[in-house]
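Each chain, written out:
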Amino acid sequence: MTRLKERTFRDRTRALREIGELSRALTSTQMERLDQLLVSSPDPEDGLHYCARMLEQHAEQFLQFVQSPSAQRALIAVFTHSHFLSEEAVQQTEWMAHLFETDALQQVFNDERFREEIREALPRGLPAALEFARFRRRQILRILVRDVLGLAPLPEITGELTALADAIVETALLRLQDDMALEYGMPCAAGGRAATFSVIALGKMGGQELNYSSDIDLMFLYSENGETAGPNRIANKEFFRRLANRLTDLLSTHTSAGMCYRVDLRLRPDGSQGEVCISLEAAREYYSKRARDWELQMLIKARVAAGDRAAGRALLDFVEPRTYATTLDFSLIESLSATRERLNEKLAKRDRFYPLRLAESIDIKLRRGGIRDIEFLVQCLQRLHGGVEPWVRHGGTMLSLARLQDKGFISGAEFGRLASAYQFLRQVEHRLQCVDDRQTHALPVNKLALNAVAARIPGSEGNGEWLLAHLHTHFANVTDIYERVVHSGVRGSERAAVGYRAGHRPSSAMRALEQRAPQLAAAVARGELQRGYRFFETLTERVSAEQMGMLEADAKLTGRVMDLFEHSPYFAEEVIRTPELLSEIGLAEEAMGPPPSPAADLRRWYRRGMTRIQAASICLAEPIFETLARTSALADGVIARAYKIAVAETCVARPPRRAGYAPGKQMWVIALGRLGMLEFDLASDADLVFVLADTDAEELEFWTRVAQRLADFIGAYTGEGFLFSVDSRLRPNGIDGPLVRTEQSFKEYFENSAAAWEGITYMKSRVVAGDLGRAQVFLHQLQQIDWKRYGQSGRSRLDLFQMRLKIEKEQGAESPFKSGRGGYYDIDFMLMYLRLKSAGVFYRVLNTPERIHVLESLGHLDKAAGDFLCETATLYRALDHGIRVMTGHAESQLPSSDAQVETLRALVKRWTPIRLDRLDELRSRTRAAFEKMFR
């Protein structure tokens, strides 16, 4: 504990005594590791104190924990970030032990998983409030460890906190309802049908973005009037009123483990003056005639969290058309803004020039440019544009921001600043609240206390001034965007949505076009544009004189642009925002040149290339797998260039340990999944893993920084746009494993520890950066290990069959044509099984048709079966691709609107002769072939 002893402590005598106690109990290696963890932690003194207390009270368990580096990290994470959870961890050591005995830290828990946990943890019948409070604390302990150790991003943390609340509310509701039914019987409506109760979540719970210590905003609803059917009959209204009150009391009762949740019912109809529980009919009456504007906006985040989903959904479906504007009246957002300004007038006046000083308490939620402003701005834009673009309707702030940017309602730069600010502010909010389980948004005034908050934020190194500077930047960025967007005026809003207006009449823009470019105007008239007309009209108002001349002179280019606009609203908006992309449409059949060296140009290069490739796909009806191969090559170019950028930047920031070491291609970047198969598409994620040559193992730390920088660079949102997401969770041990492993470490893992699905996953892998020759040899060796474990042993047939059925059960309903019965995965799993039987064949790079061809040549498939699988796989990929180029993102279901289905039908027809109305037939035949092979 040499370095720890040199620290300044608030109570040095106690600290030195605790260091001595730990030193006597632990080995020198354990002490050294503990010393390192504590010195680099946000609060070494608290961490030391709770370690000493656990040693004193539960020595055997503590000594078991310190034997594991991962357990030590988890303990220190809790002990230095949360007082109330540290107390629980010291007293309830089995809570921490359970985390290390299972894979709970590596999993994302949804509400179903939490319900399973609560069923096992709570006694039968109606548990006391203390039981629920203890369960909540135990689960928050797990979530905090995942959060602090970086095992989950912010959306997963807020999602798990919300899922936990959903499960607790649902369980408490069901137990209370069963208890009340013993006395009163179950509520019944006319005709003897059951009357039901719904819990609608609002605010952060509704948006699935809860904090560690949030209030939960709830509204209670029941389906119909009537009376109960038990020995002591009462009216349904009275039964549900009592149920609502008991549920609120149970969740809000103070216990020795705190309370579960502070329940806020003030957002219900008529607020605190209204009924605690209201019927569906009365709720419809209220929201159709009496609801104020802010009450409609509040329902953007509404979600049925517990109880009867149907009744709750019926109300939300009824209210939704009233929530969103059906015309682009910008006075709506101006009115909402005025309301927001009145609510925050005092803070606005005080913070006009953003004077961040320690002399005042800074509220990161209510401060101008804070969390509330971001959420309010997002909701205003959703109400403004959600009537004509349902895609932007969502309760979550981060996802709504992404969808608004996706549809062009905010720019890429605005999205980047707002998303960055929101995530930073929410992280600070979490660190404030998890200390004492207290709902607070205010930074401390005391300098030492502020430094302590800063120490819990990565990158600050405990510097409160650093924290204030970053807050200043984010507040200023948000306020600037807020002012520009909210007060930008009617003209900007009308233009932003011009492409979505139904129908068209000759406009001044088109009459002007006849004067400026008569041949172009004539081509538009001949083109008989329907869905793309307004997009093209808007384009003519945006292009430069040079670009207009290019369209006037080049009939082929004009035809392609009209075709693209007619079939892809996403690319129409892309070209309208960036008319420079017009030239790429004209070069659709040509390959892109090499990626540029400057980092700032790489995103523009990728965007140009994507436009060029998808124009060829749509306008030239390029075969689907050729398009996917071109898109994969484009992503390869990004990764290869990002690799060099990451090496160069890391050498400057944190050079290698060994003097004279020359970083080059020693780390290999392996692509898996769709990129590994050369089937990468628009809006795909890149599944990447990183392997270091054994000869360079001593520089593992340096190459880990390179890999992290590469992933961060590619996945960053900037004003120049977004490339694609990098997902590295397919590495050995998933998110809990090191980001970079040596080649020998990889081989040992696959020889001894890898699950069947991992081995099979790596059969669709290829090298995209680094020493391609050496990495190719490595992948060949890895495949041989796979074959020996799964192919040669005969295990693969059963393993693959069980894995496929599990995917179908978990994902089939949400993604029928990919994961459902007879979907694309049936074909993929058949091909993987047959590949495992091919012991001596190493597949370097094969997409689905090429895999089928090889299997035919090896005699594992007859030509008729191979042709059927190839045609069906082409249809599935064409469906997926068509949805992506229409919308700019992946969707798991067919579109709901007839117009979108018709557009999709027209696109798919360009890539395959198979009609969409044959989908059910093909799914049945695919499943029959799958069952014949695996049963």
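Residues numbered from 1 in each chain as written. Predicted model: local features only at pLDDT ≥ 70, side-chain atom pairs only at ≥ 80, totals over all residues. Heavy atoms only, no water.

1. Concerning the overall build of the protein
Looking only at helices and strands, the protein has 44 helices and 12 strands in total. By the compact-globule yardstick of 30 Å for 935 residues, the protein fits well, its C-alpha radius of gyration being 30 Å. Considering only C-alpha atoms, the protein reaches an extent of 85 × 75 × 65 Å along its principal axes. Every one of the 935 residues in the protein was classed for burial, and the buried ones make up 57%. At a minimum sequence separation of 6, the contacts of the protein that also span at least 24 residues come to 73%. Total accessible area computed for the protein in this model is approximately 39,100 Å², and 50% of it derives from carbon and sulfur atoms. (Helix = DSSP H or I, 4+ residues; strand = E, 2+ residues; numbered from the N terminus. Rg over C-alpha atoms; globule rule 2.2 N^0.38 Å. Buried < 20%, exposed > 50% of the residue type's maximum accessible area, 1.4 Å probe, protein only. Contact = heavy atoms within 4.5 Å. Areas by Shrake-Rupley, 256 points an atom, 1.4 Å probe, with all protein chains shown as cover.)

2. A few points about the nonpolar core
Of all hydrophobic cores here, the largest spans 116 residues; its most connected members are Leu539, Phe565, Met667, Val669, Leu688 and Phe724. The biggest single contributor to this core is helix H33 (residues 624–653), with 12 residues. (Core = buried A, V, L, I, M, F, W, Y, C linked by side-chain atoms within 4.5 Å.)

3. Considerations on the pattern of salt bridges
Taken as a whole and assessed by the stated rule, the structure comprises 60 salt bridges. Close ionic contact of Arg10 with Glu45 constitutes a salt bridge, the shortest N to O distance being 3.8 Å. Of this pair, Arg10 sits in the loop between helix H1 (2–5) and helix H2 (12–25) while Glu45 sits in helix H4 (residues 44–57), and the two are 35 residues apart along the sequence. For Glu45, a relative accessible area of 4% corresponds to the buried category. The partner of Arg193 in a salt bridge is Glu224, and the shortest N-O contact between them spans 2.6 Å. Pair noted here: Arg193 is in the loop between strand S1 (187–188) and strand S2 (197–202) and Glu224 is in the loop between strand S3 (215–222) and strand S4 (227–228), with a separation of 31 residues, a long-range link. Accessibility expressed as a relative area gives 45% for Arg193, which makes it partly exposed. Among the residues examined, Glu224 registers a relative accessible area of 24% and is labelled partly exposed. (Salt bridge = Lys/Arg side-chain N within 4 Å of Asp/Glu carboxyl O.)

4. Focus on the packing of aromatic side chains
Using the criterion set out here, one finds 27 aromatic pairs in the structure. Seen from their ring centres, Phe65 and Phe100 are 5.5 Å apart, and the 80° between their planes marks the pair as edge-to-face. With Phe65 in helix H5 (residues 59–66) and Phe100 in helix H8 (residues 93–101), this residue pair connects regions lying 35 residues apart in the sequence. Centre to centre, the rings of Trp668 and Phe778 are 5.8 Å apart; their planes meet at 50°, and the pair counts as tilted. With Trp668 in strand S8 (residues 667–672) and Phe778 in helix H38 (residues 772–791), this residue pair connects regions lying 110 residues apart in the sequence. Pairwise contacts between aromatic rings join Tyr184, Phe197, Phe220, Tyr222, Phe239 and Phe240 into one cluster. (Phe/Tyr/Trp six-rings, centres within 6.5 Å; stacked < 30°, edge-to-face > 60°.)

5. As for the state of the cysteines
This structure, assessed with the given rule, holds zero disulfides. As a non-bridged cysteine, Cys51 has Cys434 as the owner of its nearest cysteine sulfur, 17 Å distant. The thiol of Cys188 is unpaired, and the distance to the nearest cysteine sulfur, on Cys277, comes to 16 Å. (Disulfide = S-S within 2.5 Å.)

6. A few points about the packing of helix H3 (residues 28–39) against H4
Axis separation between H3 and H4 bottoms out at 8 Å; the angle between their running directions is 140°. Judged by the angle between their axes, H3 and H4 are oblique. On H4, the residues touching Leu34, Leu38 and Val39 of H3 are Pro44, Gly47, Leu48 and Cys51. Across the contact of H3 with H4, the residue classes break down as six nonpolar, one polar and no charged. (Axes fitted to C-alpha atoms, helices over the stretch in contact; angles between N-to-C directions. Parallel < 35°, antiparallel > 145°, perpendicular 65-115°, else oblique. Nonpolar A, V, L, I, M, F, W, Y, C, P; charged D, E, K, R; others polar.)

7. Looking at the side chain of Asp46
Tracing the sequence through the fold places Asp46 in helix H4. Reaching out from Asp46, the side chain makes a polar contact with the side chain of Arg10 at a distance of 3.3 Å. Those residues in contact with Asp46 that lie beyond four places of it in its chain are Arg10, Phe79 and His83. (Polar contact = N/O pair within 3.5 Å; in protein donor to acceptor, adjacent residues only side chain to side chain.)

8. Points about unusual backbone geometry
One non-glycine residue, Gln208, adopts positive backbone phi at about 60°. Of note, Gln208 is situated in the loop between helix H12 (203–206) and S3. Not every positive phi belongs to a glycine, and Leu678 is a case in point at roughly 60°.

9. Here's the deal with the confidence of the model for the protein
Counting all residues, the mean pLDDT for the protein is 88, and 91% of those residues have values of 70 or more. Predicted confidence for residues 326–332 stays below pLDDT 50, and this span has 18 contacts to residues more than four positions away or in other chains. Of the regions scoring below 50 in pLDDT, residues 489–505 engages in 26 contacts with residues more than four places distant in sequence or in other chains. (pLDDT = per-residue confidence, 0-100.)

10. Side note on the pairing of S2
Extensive coverage of S2 is indicated by the burial of six of its six residues. Across four bridges, the pairing between S2 and strand S7 (residues 303–307) is antiparallel. Bridging from a neighbouring strand, Ile200 pairs with Val304 of S7. (Pairing = 2+ DSSP bridges.)

11. Thoughts on the side chain of Ser279
Assignment of secondary structure puts Ser279 in strand S6 (residues 277–279). When its relative accessible area of 9% is taken as the criterion, Ser279 is described as buried. With sequence-adjacent residues up to four places away left out, Ser279 is seen in contact with Leu221 and Tyr222.

12. Some remarks on helix H29 (residues 555–567)
For H29, which comprises 13 residues, the first-to-last C-alpha distance of 19 Å matches the rise-based estimate of 18 Å (1.5 Å per residue) to within 8%. By the burial criterion, the buried members of H29 are Leu557, Thr558, Arg560, Val561, Met562, Asp563, Leu564, Phe565, Glu566 and His567. One side-chain oxygen of the residue at the start of H29 lies 3.2 Å from the amide nitrogen of Lys556, identifying that residue as Asp554. (Expected span 1.5 Å × (residues − 1).)

13. Considerations on helix H30 (residues 569–577)
The element H30 is largely enclosed, with a buried count of seven among its nine residues. Among all positions in H30, only Tyr570, Phe571, Ala572, Glu573, Glu574, Val575 and Ile576 are buried. Buried residues in H30 make contact with helix H20 (397–406), helix H27 (533–542), H29, helix H31 (582–586), helix H32 (599–619) and helix H42 (863–887).

14. Quick word on the environment of Glu112
Of note, Glu112 is situated in helix H9 (residues 111–121). For the pair Glu112 and Gln900, spaced 788 residues apart in the sequence, the C-alpha separation amounts to 33 Å.

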